[in-house]
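Summary of structural features
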Amino acid sequence: MTSAPLKGSVLTEAGPLADGTGTAQSVRPSRPRRRGRSAPYWFLVPTLTLFAAFTVVPIGYAIWLSLHKVRVKGIGLGKGAREQVWNGLGNYTDVLKDSEFGHSILRAFGYGLIVIPTMLGLALLFALMLDTPKARSAPFARLMIFLPYAVPGIIAALMWGFLYLPDVSPFYYLLDKFGLPQPDLFDGGNLYLSFANIAVWGGTGFNMIVIYTALRAIPPDIYEAARIDGATDLGIALKIKIPIVMPSLVLTFFFSVIATLQVFTEPMALKPLTNGLPSSWSPLMAIYDKAFLQSDIYGASATAVVLALATFVLSFTLLRISDRYTREDRA
Amino acid sequence: MTPLTLTAGTTTKARRTAWVPTLVLILGALYCLIPIAWVVVAATKDRSELFSTFTFAPGGGFFQNLSDLTAYRDGIFWRWMANSAFYAGLGALLSAAVSAAGGYALGRYSFRGREAVFKMILAGVLVPSIVLAVPQYLLLSKLGMADSYGAMLLPSILSPYGVYLVRIYAAASVPAELMEAARMDGASEWRIFSRIAVPMMMPGLITVFLFQFVGIWNNFLLPYVMLADDEKFPITLGLYTLLAQGASQPALYTLVITGCLLAIVPLIGLFLVIQRFWSLDLMSGSVKA
């Protein structure tokens, strides 16, 4: 018996039995089963405690805040001059009328439309290439393409930010040498591409590994059979591999959509390098802005709850669609 | 290419290198290396070289940059690095321990409410990080704990992904017969877990540790919301504030660039070392690997 937080609790259950040893067991053979019955709950105590403290309670508090507002008494000075009062759905109607937040959602969608197909397309392409037996340098490439995963998003964004700066960028150097036009990567539509590139760079490797793992689980005899039937490598990839890894693709798509709604790091990192990037560019930035820069935690909470609900609705819709898809596939 | 020669019916055609996949992979690797290679080269340049010489031409100022960075505000950079190591190291360790117990319970016992608990924890993945971070900050500041090491550490411990992965691992790698045999021998449930299950789940637990280590090390939003005192900043937030100041004074650019390089070295080194005995595939829950 070691001294871990779980010990005491489990011991009280196991204690008498340990003393009774073999005799107790032979008399009541059902005892060991019953003894283990509370164990899973004890093992779950740390998980559930943390889940309650850092997920359930904060969400509950955010919902509570979202239904309140501050009323200022008199001229608003002194203790008790500001009190929290019930505001019903007032904050929510404000959120829905808030065009800043609406725009931030639209920007996130626009950004996602670039990032998700590019990132997952590349991840699938690289995974298929890795799975080609005759490809050289596959282990090296696999590690290199995965490497950006080890780079913090903010640092990836800072590095790319420098590469976007005309004064230090090798790309501008080359464009200059060849006399080509030099686009402003921090301007208008290019900004979306600049952000998207950072996300694609950082996310492709991880998704590639997920898809590649699924590919390797396919038994090789399927390919043998297909080859005997005259299938080419390309045919095998399109007709066998992609359909089989579809569940992994759906999963990576699902998580990419959620991540897109939460884009925060890239625009935050490039903000100091650009002029005129609104501080509510993405939904998360809009919420941060409201909570801390405008000190409106009530409105910010309502906005956050709306975002969470939107994420849930979107997730369940996607899961429903993918469920139906895979079920039809099986039939 | 040895496995290929063993394949039955291999023709000379099959043994030839597939150039298209090879080329695609090399291009992909290059794309991923560009910013890293650039930051390595740029960190060697002094302030004037950074803006004057060709970007991929190395300069001679690396050690100067290093000592400038170390001297900057009495070595606060290294303090940020140490903070990150502390948050990520301790956080990931606790996370692996909590996930081990929780995932084991969900994977190896059947009890009432198991699926409900599992789904509830997994649903936690869907909650946008800021939806948690803002109320967490407000609640912790009521307890007088905002802007403390705990404020950054505690919310980082629970990992729904970790619990999920250990559940898969426990179900696949800890045989029920073995647990039953240990029970017959009179081992307590805790002893079965700590002496039998944990060693068997170790590859999964290492994966959870690494995943969470990277997650905490790379986290920007949580410290950005939680911390105000830059003595407690992790490296991500530290470098960000350095750049935010440096945007108006390009003299700080070399410091930020050198800092970026030093900040990515530990994690890249970690991956290069561990990939010898730990497979990337474990990350997606592949038990076979």
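Please read all numbers here as calculations on a predicted model, not as lab measurements.

A look at the overall build of chain B
Scanning chain B from terminus to terminus reveals 16 helices and zero strands. Counting over 289 residues, chain B shows a buried share of 54%. Relative to all contacts within chain B whose residues are 6 or more apart in sequence, the contacts with residues 24 or more apart total 72%. Carbon together with sulfur atoms contributes 66% to the accessible area of chain B, which is approximately 12,100 Å² in total.

Some remarks on the overall build of chain A
Counting its regular elements, chain A contains 15 helices and two strands. For chain A, with 331 residues in total, the buried portion stands at 50%. Summarising the internal contacts of chain A: among those between residues at least 6 apart in sequence, 63% fall at separations of at least 24. A total of about 16,200 Å² of accessible surface is found on chain A, and carbon and sulfur atoms cover 63% of it.

So, the interface of chain A and chain B
When the parts of a complex come together, some accessible area is lost, and that lost area is often taken as the interface size. Every contact between the two is made by 101 residues of chain A and, on the other side, 102 residues of chain B. Across the chain A to chain B interface the summed buried area is about 9,400 Å²; carbon plus sulfur atoms make up 80%. Inspection of the region where chain A meets chain B yields zero salt bridges. Taken together, chain A and chain B are joined by eleven residue pairs in polar contact (both at pLDDT 80 or more). With 18 residues, the top contributor of residues to the side of chain A that touches chain B is helix H3 (residues 39–66) of chain A. Looking at the side of chain A that touches chain B, its residues break down into 78 nonpolar, 15 polar and eight charged.

Overview of the pattern of salt bridges
Two side chains that carry opposite charge are able to pair once their charged atoms sit near each other. Counting across every chain of the model gives eleven salt bridges over all chains. A salt bridge links Asp131(A) to Lys241(A); its shortest N-O distance comes to 3.0 Å. Taken as a pair, Asp131(A) in the loop between helix H5 (99–130) and helix H6 (138–146) and Lys241(A) in helix H11 (residues 233–244) lie far apart in primary sequence, 110 residues in all. Of the two residues, Asp131(A) and Lys241(A), both sit in the buried class. Note that Glu115(B) and Arg167(B) form a salt bridge whose closest N and O atoms lie 3.2 Å from each other. Remark: Arg167(B) occurs in helix H10 (residues 160–173) and Glu115(B) occurs in helix H7 (residues 114–123); sequence separation between them is 52 residues. For Arg167(B), a relative accessible area of 16% translates into the label buried. One salt-bridge network, in which partners are shared between bridges, spans Arg114(B), Glu115(B) and Arg167(B).

Observations regarding the side chain of Thr204(A)
All names here are of chain A. For Thr-204, the location among the structural elements is in helix H9 (residues 188–216). For Thr-204, a relative accessible area of 2% puts it in the buried group. In this structure, Thr-204 is in contact with Met-119, Leu-122, Ala-123, Phe-126 and Ile-145, ignoring residues within four places of it in sequence.

A short note on the packing of H9(A) against helix H12 (residues 246–261) of chain A
Residue and element names in this part refer to chain A. At a minimum axis separation of 9 Å, H9 and H12 run at an interaxial angle of 160°. The angle between H9 and H12 places the two elements in the roughly antiparallel class. With respect to the hand of their crossing, H9 and H12 are arranged in right-handed fashion. Residues Asn-207, Val-210, Ile-211 and Ala-214 of H9 form the contact with H12, whose own contacting residues are Ser-248, Leu-249, Thr-252 and Ser-256.

Some details on helix H12 (residues 189–200) of chain B
Residues and elements named next belong to chain B. An ideal rise of 1.5 Å per residue puts 16 Å on twelve residues; H12 measures up with 15 Å between its terminal C-alpha atoms. When H12 is considered as a whole, its buried residues turn out to be Glu-189, Trp-190, Ile-192, Phe-193, Ala-197 and Val-198. One face of H12 carries all of its buried residues, which in axial projection span an arc of 150°.

Describing the nonpolar core
The biggest cluster of nonpolar side chains holds 193 residues, and the ones touching the most others in it are Tyr104(B) and Phe193(B). It is H5(A) that contributes the most residues to this core, 15 residues altogether. Not counting residues within four places of it along the chain, the set of residues in contact with Tyr104(B) comprises Phe43(A), Ser99(B), Tyr109(B), Val166(B), Ala170(B), Met179(B), Ile192(B), Phe193(B), Ala197(B) and Met201(B).

Describing the packing of aromatic side chains
Applying the stated criterion across every chain, the model contains 42 aromatic pairs over all chains. Between Tyr41(A) and Phe111(B), the aromatic rings sit 5.1 Å apart at their centres with planes inclined by 65°, giving edge-to-face as the arrangement. With Tyr41(A) in helix H3 and Phe111(B) in the loop between helix H6 (76–108) and H7, this pair bridges two chains. Since its relative accessible area comes to 40%, Tyr41(A) is described here as partly exposed. Site record: aromatic cluster; members linked through ring pairs are Phe264(A), Tyr288(A), Phe292(A), Tyr137(B), Phe220(B), Tyr224(B) and Tyr240(B). Seen from the ring of Phe118(B), Arg167(B) lies directly overhead, with NZ or CZ sitting 4.1 Å from the centre.

Structural notes on the confidence of the model for chain B
Across chain B, pLDDT averages 86, with 88% of residues at or above 70. Predicted confidence for residues 1–13 of chain B stays below pLDDT 50, and this span has ten contacts to residues more than four positions away or in other chains.

A word on the confidence of the model for chain A
Mean pLDDT over chain A works out to 82, with 85% of the residues at or above the 70 mark. The weakest mean pLDDT in chain A belongs to helix H1 (residues 7–27) of chain A at 38; the strongest belongs to H3(A) at 95.

Focus: unusual backbone geometry
Residue and element names in this part refer to chain A. The phi dihedral of Ser-137 falls on the positive side, at around 60°, and the residue is not glycine. Topologically, Ser-137 is positioned in the loop between H5 and H6. Note on Ser-137: relative accessible area 27%, which makes it partly exposed.

What about the environment of Ile63(A)?
All names here are of chain A. Among the structural elements, Ile-63 can be located in helix H3. Taking relative accessible area as the criterion, Ile-63 reaches 38% and is therefore assigned partly exposed. A sequence separation of 239 residues divides Ile-63 from Ala-302, and the C-alpha atoms of the two residues are 7.1 Å apart.

A few points about the side chain of Ser66(A)
Residue and element names in this part refer to chain A. Note that Ser-66 resides in helix H3. A polar contact is formed between the side chain of Ser-66 and the backbone oxygen of Ile-63, at a distance of 2.6 Å. Setting aside residues up to four positions removed in sequence, Ser-66 forms contacts with Gly-88, Asn-91, Tyr-92, Tyr-298, Ser-301, Ala-302 and Val-305.

Quick word on the environment of Pro166(A)
Residues and elements named next belong to chain A. Examined against the element boundaries, Pro-166 turns out to sit in the loop between helix H7 (153–164) and helix H8 (170–177). Taking relative accessible area as the criterion, Pro-166 reaches 45% and is therefore assigned partly exposed. Residues Pro-166 and Asp-176, ten residues apart in the sequence, show an inter-C-alpha distance of 9.8 Å.

What counts, and at which threshold
By convention here, each chain's residues receive numbers from 1 onward along its written sequence. Whichever chain is written first becomes A and whichever ligand is written first becomes 1, with later ones labelled in order. Where totals are concerned, whole chains, interfaces and linings use all residues; where local detail is concerned, this predicted model gives features only for residues with pLDDT of at least 70, and gives and counts side-chain atom pairs only at 80 or more. Values reported for side chains reflect all heavy atoms of the structure, with hydrogen atoms and water molecules removed beforehand. In this description a helix means any DSSP run of H or I spanning at least four residues, a strand means any run of E spanning at least two, and both kinds are numbered starting from the N terminus. Only protein chains enter the calculation, and the probe is 1.4 Å; a residue is then buried if its accessible area is under 20% of its type maximum, exposed if over 50%, and partly exposed in between. Should any heavy atoms of two residues lie within 4.5 Å, those residues are considered in contact. Per-residue and other accessible areas were derived by the Shrake-Rupley procedure at a 1.4 Å probe size, with only the shown protein chains allowed to occlude residues. The term buried area refers to how much accessible surface (probe radius 1.4 Å) is lost by two components on association, counted for both of them together. Definition used for salt bridges: Asp or Glu carboxyl oxygen within 4 Å of a side-chain nitrogen of Lys or Arg. Side-chain atoms alone can form a polar contact between residues adjacent in sequence; in general such a contact is a pair of N or O atoms within 3.5 Å, and within protein one must be able to donate a hydrogen while the other accepts it. Throughout this entry, Asp, Glu, Lys and Arg are counted as charged residues, while Ala, Val, Leu, Ile, Met, Phe, Trp, Tyr, Cys and Pro are counted as nonpolar. The remaining residues, Gly among them, count as polar. Helix axes are fitted to C-alpha atoms over the stretch in contact, other axes to C-alpha atoms as well, and angles between N-to-C directions run from 0 to 180 degrees. Note on terminology: angles under 35 degrees are roughly parallel, angles over 145 are roughly antiparallel, angles of 65 to 115 are roughly perpendicular, and the others are oblique. The crossing is said to be left-handed when, going from far helix to near helix, the turn is anticlockwise and less than a right angle, and right-handed when the turn is clockwise. Expected helix span is given by 1.5 Å per residue-to-residue step, counting one fewer step than there are residues. In this description, the arc belongs to the directions extending from the helix axis to the C-beta atoms. Nine residue types can take part in a nonpolar core, namely buried Ala, Val, Leu, Ile, Met, Phe, Trp, Tyr and Cys, and a core is a set of them joined through side-chain atoms within 4.5 Å. Two aromatic rings, drawn from Phe, Tyr or Trp (for Trp, its six-membered ring), form a pair once their centres lie within 6.5 Å of each other, and the interplanar angle then sorts them: stacked below 30 degrees, edge-to-face above 60, tilted otherwise. Any Lys NZ or Arg CZ found within 6 Å of a ring centre and within 35 degrees of that ring's normal is scored as a charge over the ring. One number per residue, pLDDT, summarises how confident the predictor is, and it ranges from 0 to 100.

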